[in-house]
Amino acid sequence: MAAIEETIGGLRQKEKELWRKFSELRDQRRSIIEELKELRAKRSELISEIKERRAKLREVIEKKRKLQGELAKLREERKEALERFKEAREEAMKIKGEYNDIVNSIGVPERVLRRRIARLERRIETSPLNRDQERDIVMQISQYEAMLQELNRAKSLKRKFIEVMAEAERWRFFVRDSGEKIGEIKEKLKEIYDYITKEKEELDKIRAHIDEVSQIISEKSKKVDDLKEEMERIREEMRGIQEEIRSRFEKIASSNKEIEKKLKEKLAEEALEKYKAGEKLTIEELKVLMELGLLEKPAGS
């Protein structure tokens, strides 16, 4: 009996140690679950951040695409304007050359020619001339008038030169202004390229951070599962110990009943001998004899 009770004590001690270990594992698991909540919240925050950054990045990329379209259009327009400027300038130089050729070939101002023509015409009108002299003067007037016509053409060329030069200047201004706009767009694109490069690096860092957090979550989740399995194992072991303790208590109870029965039989045997010898019995002795049916019942009962 003492050995059984000692074994039960050992089982209870083992159960106590298992419960202590179970409590430690439970607290550890709860702590890791709290960490997992924080890690998942952090990962969710990082995922939200990366979504917002990607949305903004898409907007910036779309802006870059539009600016690139504007830049390509401006470059094409500037190229065309430069060609127009060169053509207009070449035409103006050609007109100027033709104008200079006329002026240089005549070598006499318009007012001088007109005075000469007027003087010759008065001479015809006022001076007695023979036919040859008159013919010579008319021919000379015709020459001067032809020269005037050339000078008039030179005037027209000069006006044309001014118009073409004005057109060339308009194209030159357009080339200059478009060049400035191209410079501004290129500067904006440079800022955008720098932003995109930097933002992609930041997104890579955030993605790497998310991967790290996900890895930690995976490891801690496995740890939680492992702890749960270990706790279940300990719980099953404690159930087994409790069942063993119950079984041993039942054995002790059964053994006690057997001892009690033997003691009663021993007492009954001694009481029966006293009864037969006519000795006085105690109340306990009478109860035992009656309980075992060894005491004769009074007649008529």
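The structure presented is a predicted model; accordingly, all values stated were derived computationally and were not measured.

A.B. asks: Could you give an account of the nonpolar core, naming the residues involved and the relevant values?
C.D. replies: In this structure, Ile185 and Ile234 are the most contacted members of the largest nonpolar core, which totals 33 residues. Taken together, the elements giving at least two residues each to this core come down to helix 1 (2–106) and helix 3 (131–276). No other element matches helix 3, which puts 18 residues into this core. With sequence-adjacent residues up to four places away left out, isoleucine 185 is seen in contact with Leu67, Glu70, Leu71 and Leu74. Residues Ala88, Ile106, Ile137 and Ala154 belong to the second largest nonpolar core, which totals 21 residues.

A.B. asks: Give me the pattern of salt bridges: which residues, what numbers.
C.D. replies: In total, this model carries 26 salt bridges according to the counting rule given. A salt bridge links glutamate 110 to arginine 114, with the shortest nitrogen-to-oxygen separation between them at 3.0 Å. Pair noted here: glutamate 110 and arginine 114 are both in helix 2 (residues 110–126), with a separation of four residues, about one helical turn. Residue glutamate 110 is classed as partly exposed on the basis of its relative accessible area, which comes to 21%. Judged by relative accessible area, arginine 114 falls into the partly exposed class, the value being 43%. Its salt-bridge partner being arginine 233, residue glutamate 230 comes within 2.7 Å of it at the nearest N-O pair.

A.B. asks: Tell me about helix 2, and name the residues and values.
C.D. replies: Over its 17 residues, helix 2 runs 24 Å from end to end, which matches the ideal 24 Å to within 8%, given 1.5 Å per residue. Among all positions in helix 2, only Val112, Leu113, Ile117 and Leu120 are buried. Take helix 2 and look down its axis: the buried residues cluster within an arc of 135°, on one side only. Facing away from the buried surface of helix 2 by more than 90 degrees, the exposed residues are Arg111, Glu125 and Thr126.

A.B. asks: Explain the side chain of glutamate 15 residue by residue, including any values.
C.D. replies: Along the chain, glutamate 15 turns up in helix 1. An unpaired buried charge is present at glutamate 15: no salt bridge exists, and arginine 12, the closest side chain of opposite charge, is 4.4 Å distant. Residues in contact with glutamate 15, not counting those within four places in the same chain, are Met238, Ile241, Gln242 and Ile245.

Definitions and limits used
- Residues numbered from 1 in each chain as written.
- Predicted model: local features only at pLDDT ≥ 70, side-chain atom pairs only at ≥ 80, totals over all residues.
- Heavy atoms only, no water.
- Core = buried A, V, L, I, M, F, W, Y, C linked by side-chain atoms within 4.5 Å.
- Buried < 20%, exposed > 50% of the residue type's maximum accessible area, 1.4 Å probe, protein only.
- Helix = DSSP H or I, 4+ residues; strand = E, 2+ residues; numbered from the N terminus.
- Contact = heavy atoms within 4.5 Å.
- Salt bridge = Lys/Arg side-chain N within 4 Å of Asp/Glu carboxyl O.
- Expected span 1.5 Å × (residues − 1).
- Arc of directions from axis to C-beta.
- Lys, Arg positive; Asp, Glu negative; His and termini not counted.

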